[in-house]
Amino acid sequence: MATCSRPLFLSASASSTSPSRASLRRLHTIAVVSIWEPRPPLRAAGCCFAQMKHCCRRSTEPSVSRLTRSIKRILSRYSSLMIILRCNLGRFYNTVTSMRQDGASKNFMSAGFGRVVLGMVLVMSISAATYTAPSSSALTEENLLFLEAWRAVDRAYYDKSFNGQSWFRYRENALRTEPMNTREETYAAIKKMLSTLDDPFTRFLEPEKLKSLRSGTQGALTGVGLSIGYPMALNGSPTGVAVISANPGGPAEKAGILPGDIILAIDNKSTEDMDIYDAAEFLQGPEGSSVDLSIRSGVNTRHVVLKRQTVTLNPVRSRMCEIPGAKDSSKIGYIKLTTFNQNASVSVKEAIKTLRDNNVKSFVLDLRNNSGGLFPEGIEIAKIWMDKGVIVYICDSKGVRDIYEADGAGTIAASEPLVVLVNKGTASASEILAGALKDNKRAVVYGEPTYGKGKIQSVFALSDGSGLAVTVARYETPAHTDIDKVGVTPDRPLPATFPSDEDGFCSCLRDSTSPCNLNAAQLFARS
């Protein structure tokens with residue numbers, strides 16, 4: 001079968017025979033149904049080539065009958081296009097049949113074809129009924145904002161099956177059926193679109209939420225000092241908002257809120273079906289204002305009133321711990337990394353240099369209750385401690401698509417003994433760092449299994465000031481471990497009473513009789 005869209009012109013002799021034939025003077029060819037040569041040798045050769053039994057049988061039915069049957073065959077093969085034939089096929093059949101009766105078909109079939117007879121579908125015009133998106137000039141401002149969000153997900157989302165749906169078809173249907181007359185309706189349409197991905201981390205951000213998210217990665221925000229997440233990954237609780245970590249020195253930590261606690265309500269608003277971005281917005285507010293939290297810790301529930309304050313996210317605290325009696329590890333540099341904001345890698349380098357000035361020969365990197373932050377900062381900090389090796393594999397639904405490796409650039413502490421501390425509040429970029437140092441045998445990891453957030457999000461700003469947080473990849477550790485909902489498993493546990501602050505850490509190392517004591521001589525040993 002071949003297709004053609006050229007006009008077919010009849011010969012002058014055929015067109016001058018009668019007015020009815022003049023109406024066929026310019027016909028439009030839609031498809032060439034079949035081509036055959038009546039001479040036996042060519043017909044036999046065609047049979048051998050096509051390997052079709054029916055092509056060798058000489059049909060005695062009228063040519064036009066075969067044409068109408070071919071039309072049905074084409075329509076069945078292209079049913080998805082819903083081709084509308086704007087001519088009356090029955091009238092065309094009768095017209096051509098009358099031409100056969102008065103001998104005109106001989107002129108018709110011989111015009112420019114020689115001995116080759118073509119069976120063709122001839123119609124006056126066609127139109128495809130498949131839906132075509134409106135042109136850009138026909139789209140409203142709200143439509144364009146929706147398309148901007150759709151395009152960001154289309155380009156960046158890590159699962160190109162889009163949760164088993166046709167992403168293009170969803171766009172077409174939404175433009176036809178979803179109301180987008182106001183900005184609120186457009187926002188609702190975008191949220192509905194993202195919900196079909198069944199990915200809690202891919203979310204729409206209203207302008208104020210995007211602004212709040214950006215301020216959190218730049219160093220300061222006004223709130224209660226909590227990092228929150230979805231509780232299913234922590235303890236299987238189906239409702240509420242989970243506490244991943246409490247910022248050291250913040251209002252929440254001072255009130256005794258711990259990683260794994262569940263926030264059941266914020267100012268009497270239930271968090272049962274609350275989005276974590278909405279919860280984060282409710283937790284923030286003017287400095288000095290209060291917020292009432294309902295907290296479940298284990299089986300106990302309590303109400304806590306916290307006063308909001310400006311929380312400066314200084315990502316690093318450090319100090320030197322001197323251990324009496326220890327030889328190679330008499331001076332240990334303790335570095336507490338609380339978040340991966342835009343200052344994190346620079347702050348870690350400065351802490352290392354300061355500790356080295358005090359003759360520190362080994363380091364402890366504390367990632368407990370570090371809920372993550374900027375992915376690039378996690379990569380840069382891994383390069384500080386590693387001069388070679390894979391840091392993380394970036395994967396999508398088809399497998400590994402990118403590899404981040406240490407190449408020696410930026411490395412300043414690749415040889416000193418290193419211990420990493422983790423807990424269930426260690427998440428996201430912290431897990432990437434811990435997994436890289438563990439799998440490359442660069443560090444000994446102490447603690448408990450981490451949070452298990454094995455997906456990476458990027459934030460995309462839209463033209464009206466709103467934005468999208470989109471899952472752009474999942475990651476695997478250098479040992480190809482997918483930690484999503486599982487976490488990084490430490491090499492060794494920490495004592496249950498092990499403190500979370502730098503002063504307590506040093507005390508436990510110095511006091512050999514303390515329940516939290518870790519043998520300094522064995523601290524960095526792998527076995």
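Residues numbered from 1 in each chain as written. Predicted model: local features only at pLDDT ≥ 70, side-chain atom pairs only at ≥ 80, totals over all residues. Heavy atoms only, no water.

Chemist: For unusual backbone geometry, give the residues involved together with the corresponding values.
Modeler: One non-glycine residue, Asn-268, adopts positive backbone phi at about 65°. Mapped onto the elements of the fold, Asn-268 is located in the loop between strand 11 (262–266) and strand 12 (269–270). Residue classification places Asn-268 among the exposed residues on the basis of a relative accessible area of 72%. Of note, Lys-441 is a non-glycine position whose phi angle comes to about 55°, a positive value. Among the structural elements, Lys-441 can be located in the loop between helix 16 (429–439) and strand 22 (444–447). Classification of Lys-441 by relative accessible area gives exposed; the value is 61%. (Helix = DSSP H or I, 4+ residues; strand = E, 2+ residues; numbered from the N terminus. Buried < 20%, exposed > 50% of the residue type's maximum accessible area, 1.4 Å probe, protein only.)

Chemist: Please provide a residue-by-residue account of the packing of helix 7 (residues 141–156) against helix 9 (residues 183–195), values included.
Modeler: One can describe the packing of helix 7 onto helix 9 by two numbers: an axis separation of 10 Å at closest approach and a directional angle of 25°. The orientation of helix 7 with respect to helix 9, classified from their angle, is roughly parallel. Along this stretch, helix 7 crosses helix 9, giving a crossing that reads as right-handed. For the pair helix 7 and helix 9, the contacting residues are Glu-141, Glu-142, Leu-145, Phe-146, Ala-149, Trp-150 and Val-153 in the first and Arg-183, Thr-186, Tyr-187, Ala-189, Ile-190, Met-193 and Leu-194 in the second. (Axes fitted to C-alpha atoms, helices over the stretch in contact; angles between N-to-C directions. Parallel < 35°, antiparallel > 145°, perpendicular 65-115°, else oblique. Left-handed = near helix turned anticlockwise from the far one by under 90°. Contact = heavy atoms within 4.5 Å.)

Chemist: Could you give an account of the nonpolar core, naming the residues involved and the relevant values?
Modeler: Counting residues in hydrophobic clusters, the biggest one holds 69 residues, and the most contacted among them are Leu-337, Leu-365, Trp-385, Val-420 and Leu-468. The element that contributes the greatest number of residues to this core is helix 7, accounting for eight residues. Those residues in contact with Trp-385 that lie beyond four places of it in its chain are Ile-335, Val-348, Ile-352, Phe-363, Leu-365, Ala-413, Ala-414, Leu-418, Leu-437 and Arg-442. In terms of nonpolar packing, the next biggest core, distinct from the first, is built from 23 residues, Leu-205, Val-243, Ala-246 and Ile-276 among them. (Core = buried A, V, L, I, M, F, W, Y, C linked by side-chain atoms within 4.5 Å.)

Chemist: Give me the lowdown on the pattern of salt bridges, citing residues and values where you can.
Modeler: Between side chains of opposite charge, pairing is possible as soon as their charged atoms come close. Scanning the model with the defined rule gives 15 salt bridges in all. In this structure, the salt-bridge partner of Lys-209 is Glu-206, at a minimum N-O distance of 3.3 Å. The residues Lys-209 and Glu-206 share a single accessibility class, namely buried. Notably, a salt bridge pairs Lys-209 with Asp-278, separated by 2.1 Å at the nearest N-O pair. (Salt bridge = Lys/Arg side-chain N within 4 Å of Asp/Glu carboxyl O.)

Chemist: Go over the environment of Ser-330, please, and point to the residues and values.
Modeler: Mapped onto the elements of the fold, Ser-330 is located in the loop between strand 16 (316–322) and strand 17 (331–337). Spatially, the C-alpha atom of Ser-330 lies 9.7 Å from that of Asn-359, the residues being 29 residues apart in sequence. Among all residues touching Ser-330, those that are not within four sequence positions of it are Cys-321, Glu-322 and Ile-323.

Chemist: I'd like a description of the pairing of strand 11, backed by residues and values.
Modeler: Of all five residues in strand 11, four are buried; the element is thus mostly enclosed. In terms of strand pairing, strand 11 meets strand 13 (residues 290–297) through four bridges, oriented antiparallel. Residue pairing for strand 13: Ile-262 is matched across the bridge by Arg-296. The hairpin formed by strand 11 and strand 12 contains two residues between the paired strands, and Asp-267 there has a positive phi angle of roughly 50°. (Pairing = 2+ DSSP bridges.)

Chemist: Explain the sheet that holds strand 17 residue by residue, including any values.
Modeler: Spatial ordering of the open sheet is given by 16-17-18-21-22, a layout of five strands whose pairing is mixed. At either end of the open sheet lies a strand with only one pairing partner, and these are strand 16 and strand 22. Neighbour-to-neighbour, the strand axes of this sheet turn through a mean angle of 20°, independent of strand direction. Examined bridge by bridge, strand 21 (residues 418–422) and strand 22 share four bridges and lie parallel to one another. Note on strand 22: the bridge partner recorded for Val-419 is Val-444.

Chemist: Break down helix 14 (residues 344–356) for me, with residues and values.
Modeler: An ideal rise of 1.5 Å per residue puts 18 Å on 13 residues; helix 14 measures up with 18 Å between its terminal C-alpha atoms. Along helix 14, the residues classified as buried are Ala-344, Ser-345, Ser-347, Val-348, Ala-351, Ile-352 and Leu-355. Viewed end-on, helix 14 has its buried residues packed into an arc of 160°, placing them on one side of the element. Summarising the contacts, the buried residues of helix 14 are in contact with strand 16, strand 17, strand 18 (362–366) and helix 15 (375–385). (Expected span 1.5 Å × (residues − 1). Arc of directions from axis to C-beta.)

Chemist: Help me get a handle on the pairing of strand 18, residues and values and all.
Modeler: In terms of residue burial, strand 18 counts as a mostly covered element, since five of its five residues are buried. With burial as the criterion, each face of strand 18 is covered, one bearing Ser-362, Val-364 and Asp-366 and the other bearing Phe-363 and Leu-365. Judged from the five bridges that link them, strand 17 and strand 18 form a sheet pairing that is parallel. If you follow Tyr-334 over to strand 18, its bridge partner there is Val-364. For the crossover from strand 17 across helix 14 to strand 18, the handedness is right-handed. (Right-handed = clockwise from strand over helix to strand, strands pointing away.)

Chemist: Tell me what's going on with the packing of helix 7 against helix 8 (residues 167–177), and back it up with residues and numbers.
Modeler: Contact geometry for helix 7 and helix 8: axes closest at 11 Å, N-to-C directions at 170°. As far as their axial angle goes, helix 8 and helix 7 are roughly antiparallel. Of helix 8, the residues touching helix 7 (which contributes Asn-143, Phe-146, Leu-147, Trp-150, Val-153 and Asp-154) are Trp-167, Phe-168, Tyr-170, Arg-171, Ala-174 and Leu-175. A breakdown of the residues in the contact of helix 7 with helix 8 according to their chemical character gives nine nonpolar, one polar and two charged. (Nonpolar A, V, L, I, M, F, W, Y, C, P; charged D, E, K, R; others polar.)

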